[in-house]
Amino acid sequence: MVASLLTARDLNKQFRSGNQPVSVFRNLSLQLDRGESLALVGRSGSGKSTLLNILCGLEKPDTGSVQVLDEVFEGGTDRQTEARWANLRRQQIGVVFQEANLMPALSLLDNVRLRARLAGQNEDDCRDWLERLGIGELAGRYPDQVSGGQRQRAALAMVFAMKPALILADEPTGSLDRHTAEDVTGQLFDLQARHGCGLILATHDAELATRCSHHLDLGHLPET
Amino acid sequence: MTVCSALLSHYRRHPLQLLALALMIVLATMLWTGVSHLTDHARASLAQSEQAIAGQQQLVREDGQAVSVQDFAYLRRQGLCVMPWLEVQRPPPEGRVIGVDPFASACFGSDAPGQARVDALNGEPFLDIAEAKAMVRQGSNGDLSLLVPVDVEADAVPADYRLKDFSMGPATGELGESFLLNLDALGVLVLLITALLVRSVYQLGLVQRRESFTLLRRFGVPATRVQVLLLIEMVALTSVWVIPGIWLGRLLAEILGGGFGQVLESLFDAPLYAVDGGGFVLPALVMVTVVLLACFADKRLLRRLPWLSGRPSVVWFGVPVLGLGLAMVAWPFTLGWLFVGIALVFVAVGLLTPRVLSYVAQWGAEGAGAITLWQRRELAVLFRRLALPVVALQFAVAMVLAIQALVTTFEDTFERWLGQRLEAEFYVEVPEQSAAVDGVRYLAGLSGVGDWHLVQRGKTHVVPEMAGDDAATSVEVDLFSISPIGPLVTGWTLLDAIPDAWEKLATGQGVMVNEQLARRQGYQPGETIGFTLGEQSLALPVVGVYADYGRPDGEILVAGQILPETFNTRFQSLSLNPGTLAMAEIEQGLAAVWNTDQLTVRDNGSIRSLASGVFDQTFLITRAITVLTLVLAGTSLLIMGWVFFTTRAWYYRLLFVWGLSPREVAGQLRWLAMFLTGAVAVAALPLGVWLTWALVSRINPLAFGWSLPMAVYPGFWLEMLVLCLVIGLAISVLMRRQLGAGVPAPAMANVAGGGER
């Protein structure tokens, strides 16, 4: 039996607001296979970003387990666990935030090269990725010299240059106008389908969510 | 809620930051007030010490006999204001004490020597004359003098007595003045660091309040109103917190200055170091101005400077300015010209350093791997974006390097200065009416006596290439004659000399000139100068130039054998080491040959130890304040560096997101921070060495006509480098803690914008 790309079981996460514990989600489970996409929807503060952070090891759940490929994480904050997560993020998990995905001191091309290098991929393809995303002529420019949409395209180029098994995108088009957002997400889904990687997308946009093969609604506000 | 309360709510949420700001203002004020008090009082002390030495006179008997209590009683009965001064030399470690009569000193008024201690008579070093007499009876050497006020004229002195200068110690002269330049430089440095300290904390606050300001603007509050409120906030905070700062600064000055004053008083026997109250208004105004400039000047002024906006044109502006400044310092016409040159060099270095370091950081990075490329590019950005604190730390380290070199050189020079002037253990004045040659003959025949020589002083006129007496071009200088030329002088430092200079001097084949005369007249070894000795005119080659450590008058040194009988000797003394003999025995012998009861004998050893004490204490204070200033400068960079790193925390966090382990990210931060601060130390080194050179070889000669030797101290350079690396390490530790606190919100795009290329 082939293991799922991602499996999360019985995840619980609480924050403290003053002296009050605030439950973000309880006993949350999900599963994602290669080539599938999952939309995380819900109101602001419903825990979409927190869940994404947990799924790539940037945050720890209070209880529950996460399995990515054949790596299983069941709590623990030891150095070895952190190293395993770091290794997964370096080679298998591409993360795209709403903005500020690029190193400001590097050109777009150098940013892509850096990400590919960290993932152990060939740096020669990096310019191709920028070309495919329509910003090849901007390869030598710095992030503050291009528009927000062009920066997000560069961020996608970085993710695809690392050839990930899983892409986690946290409202990647949240800061873009509708036309640019459609353009960027179109390329995201196109490339995801072509390369067969998993995609988890946190979004407010219901229309965008319908383009994903699965949905998970975290719609409620956290419970106190 | 008003805009004002909205602004102040920040401190309600971050009370520790308010405390940090208050603490910085208090510490900065304390440091500056302390240093400025110390400098003022050191200057006043040295001025008073010179006055104390120069201003006293005594009465001596015409017949050469020592004065006694009977003389004192007689003179008082004649209506003269006379004060007995019994100097008792006790065996080490107790040293010298002075017995005074508080009642007899009353007629001196506030000008009485040692007046501050006369009232207390606590034995440090003044005590009641009766106690001093008891010590003499118990076997200590005692020397009674009768002091009279400086305004007593010679015609008011009864017959059989005459006035004579009364010297209580060696004058520090130009050496002390020059040393004050050092303290002044320290004061400027402290003010600079003070400004940086406050600025760093203020900027930290601004970074944390940025979101609040954005909100206020969105709510329609004009930016200018926010600025005005911030200004009022800083004025109010500073006004409150400078008061304890000033008080603590004075306390610091008293603590550090107490020992300094005590030693000065011991040396010069005068109340030389009294920390008076002074006003609060001036220091408060200075500090408020500095704080406001530090916090708000960039809003209008610094923002317009190209080095802050990072334009490449700074290179084209900075390089010529640097060249011009260096040339002005290398070939200075006047002191003002020199200072302008130094200022230009500092401006140019400030403009160029961030650009040069940035360029060096990126040099050769293109062919490197992606991570290395990122490291180098990030470092280059740091140099440009942290230009102000980087340059400030560079200046601070450079000035500390220069001051340290100066202080150490001063210490060494002062030791040699004392060694030259107090070369023998004792010196004995040849009584007037007595023939020095009798004493010389006595010493020459004395078995067991150590090294000795006769010193004869007078005046002469020198002309560079004498072709007959040309009064129009001749220069009056001091004549210093020694015979025989022996080990007591042949160890002197010669700045320039021909081979076998001492031998040629001893045999009368040449003369030596002091540094001042050589510099003023441009004399070189080998050049023949003419001079007059009484009726006789001589032309002899200069065989050497000797260091004279700040003596302002020109002097020519000759062997005693060339002095003619007709030469008008103004002062004669014997410098001698007793060797295996007791000094008392030699003293008796000389008194016998000169047929006098009491000789004026000075124990150079005790004078040397007292004088060394004064400067040791002063150097200790300077070092302590220098180190303190450097630590605060380091703290300033630490805070400002941390502030800037914080604005880029999101990007360092990206490395973690991209799969670097926390340890690897920490390693990258450590590399960046330590390279940044280490490079600052390296960049400060040439500036510090150059500044040392400018101080000793350019400012000193122009200001005082003499120069200190140039010395460098690589061990101290290493200490500075280590200190800067520690600062970098501390920044990286703080950043690691910051990154570990959770995923930070991404910085706004405009925060990261600009200065990245």
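So, a few notes on the structure that sits alongside this text. Here the residue numbering is sequential within each chain, running from 1 through the sequence in written order. Each chain gets a letter, beginning with A, and each ligand a number, beginning with 1, in the order they are written. The predicted origin of the model limits local features to residues at a pLDDT of at least 70 and limits the giving and counting of side-chain atom pairs to 80 or more, whereas totals for whole chains, interfaces and linings rest on all residues. As a convention, hydrogens and water are excluded, and side-chain values are obtained from all of the structure's heavy atoms.

**Comments concerning the overall build of chain A**
Line of reasoning, step 1. Within chain A, the regular secondary structure consists of 7 helices and 9 strands.
Line of reasoning, step 2. Working definition: with a 1.4 Å probe on protein chains only, accessible area under 20% of the residue-type maximum means buried, over 50% means exposed, and in between means partly exposed. When the 224 residues of chain A are sorted by exposure, 56% land in the buried category.
Line of reasoning, step 3. In chain A, once contacts between residues fewer than 6 apart in sequence are set aside, the share between residues at least 24 apart is 72%.
Line of reasoning, step 4. Computed by Shrake-Rupley with a 1.4 Å probe, the accessible areas treat only the displayed protein chains as cover when residues are assessed. For chain A, the exposed surface amounts to about 9,700 Å²; the carbon and sulfur share of it is 42%. Secondary structure is summarised from DSSP: a helix means a run of H or I of at least four residues, a strand means a run of E of at least two, and numbering begins at the N terminus for each. It only takes one pair of heavy atoms within 4.5 Å for two residues to be counted as in contact.

**Here's the deal with the overall build of chain B**
Line of reasoning, step 1. Counting its secondary structure elements, chain B contains 23 helices and 16 strands.
Line of reasoning, step 2. Looking at chain B as a whole, 53% of its 757 residues qualify as buried.
Line of reasoning, step 3. About 32,300 Å² of surface is accessible on chain B, with carbon and sulfur atoms providing 60% of the total.

**Brief notes about the sheet that holds strand β4 (residues 63-68) of chain A**
What links the strands of a sheet is backbone hydrogen bonding, and the strands pair in either a parallel or an antiparallel sense.
All names here are of chain A.
Line of reasoning, step 1. Being paired, for any two strands, means DSSP has found at least two bridges between them. Spatial strand order, β2-β1-β4-β5: 4 strands in an open sheet with antiparallel pairing. Of all strands in the sheet, those bounded by a partner on one side alone are β2 (20-32) and β5 (71-73). The mean inter-strand angle of the sheet, taken between neighbouring strand axes irrespective of direction, is 20°.
Line of reasoning, step 2. Where strand β1 (residues 6-17) meets β2, 9 bridges bridge the pair, whose relative direction is antiparallel. Of the residues in β2, the one forming a bridge with F15 is V22.
Line of reasoning, step 3. Note on geometry: axes are lines fitted to C-alpha atoms, helical ones only across the stretch in contact, with angles between N-to-C directions running from 0 to 180 degrees. Against the sheet, helix α1 (residues 48-55) contacts β1, β2 and β4, and its axis sits at roughly 125° relative to β1.

**Some thoughts on the packing of aromatic side chains**
Residues and elements named next belong to chain A.
Line of reasoning, step 1. Between rings of Phe, Tyr and Trp, where Trp is taken as its six-membered ring, a pair exists when centres lie within 6.5 Å; planes separated by under 30 degrees are stacked, by over 60 edge-to-face, and by other angles tilted. Counting across every chain of the model gives 9 aromatic pairs over all chains.
Line of reasoning, step 2. Where F73 meets W85, the ring centres are 3.9 Å apart and the plane angle is 15°; that geometry is what we call stacked. In this pair, F73 is assigned in strand β5 and W85 in helix α2 (residues 79-91), connecting sequence segments 12 residues apart. The same class applies to F73 and to W85, which are both buried.

**Looking at the interface of chain B and chain A**
Line of reasoning, step 1. With 33 residues of chain B in contact, the opposing surface of chain A contributes 31 residues.
Line of reasoning, step 2. Accessible area, probed at 1.4 Å, shrinks when two parts are joined; the buried area is that loss added up over both. Surface buried jointly by chain B and chain A totals about 2,800 Å² across both partners, of which 64% is contributed by carbon and sulfur atoms.
Line of reasoning, step 3. One side-chain nitrogen of Lys or Arg within 4 Å of one carboxyl oxygen of Asp or Glu is enough to make a salt bridge. At the boundary of chain B with chain A, the tally comes to 2 salt bridges.
Line of reasoning, step 4. In this structure, E664 of chain B engages R90 of chain A in a salt bridge whose closest nitrogen and oxygen atoms are separated by 3.0 Å.
Line of reasoning, step 5. N or O atoms closer than or at 3.5 Å make up a polar contact, with two conditions inside protein: a donor-capable atom paired with an acceptor-capable one, and, for residues adjacent in sequence, both atoms drawn from side chains. Seen at the junction of chain B and chain A, the total is 6 residue pairs in polar contact (both at pLDDT 80 or more).

**Focus: the side chain of Q192 of chain A**
Residues and elements named next belong to chain A.
Line of reasoning, step 1. Checked against the element boundaries, Q192 lands in helix α6 (residues 178-195).
Line of reasoning, step 2. Overall, the relative accessible area of 4% leaves Q192 in the buried class.
Line of reasoning, step 3. Within the structure, Q192 has its side chain in polar contact with the backbone oxygen of E36 (distance 3.4 Å).
Line of reasoning, step 4. With sequence-adjacent residues up to four places away left out, Q192 is seen in contact with G35, E36, S37, F160, C197, G198 and L199.

**Let's talk about a negative patch on the surface**
Residue and element names in this part refer to chain A.
Line of reasoning, step 1. On the surface, D124, D128, E131 and E137 cluster together into a negatively charged patch.
Line of reasoning, step 2. Summarising the element assignment, E137 is placed in the loop between α4 (126-132) and α5 (148-161).
Line of reasoning, step 3. Residue class for E137 comes out exposed when judged on its relative accessible area of 63%. Here, patches come from residues exposed beyond 30% relative accessible area and free of salt bridges, joined within 9 Å for like charges and within 5 Å for nonpolar side chains (Val, Leu, Ile, Met, Phe, Trp, Tyr). When charges are counted, Lys and Arg are positive and Asp and Glu negative, with His and the chain ends excluded. Each charge is placed at NZ for Lys, CZ for Arg, CG for Asp and CD for Glu.

**Structural notes on the pairing of strand β13 (residues 536-546) of chain B**
All names here are of chain B.
Line of reasoning, step 1. Both strand β10 (residues 494-497) and β13 contribute to a ladder of 3 bridges, which runs antiparallel. In the strand pairing of β13, L494 is matched with Y546.
Line of reasoning, step 2. Note that strand β11 (residues 511-514) and β13 share 4 bridges and pair parallel. Following the sheet pairing, M512 is matched in β13 by G544.
Line of reasoning, step 3. Sheet topology places strand β12 (residues 528-533) next to β13; 6 bridges connect them, and they run antiparallel. From the neighbouring strand, T528 faces β13, where its bridge partner is P541.

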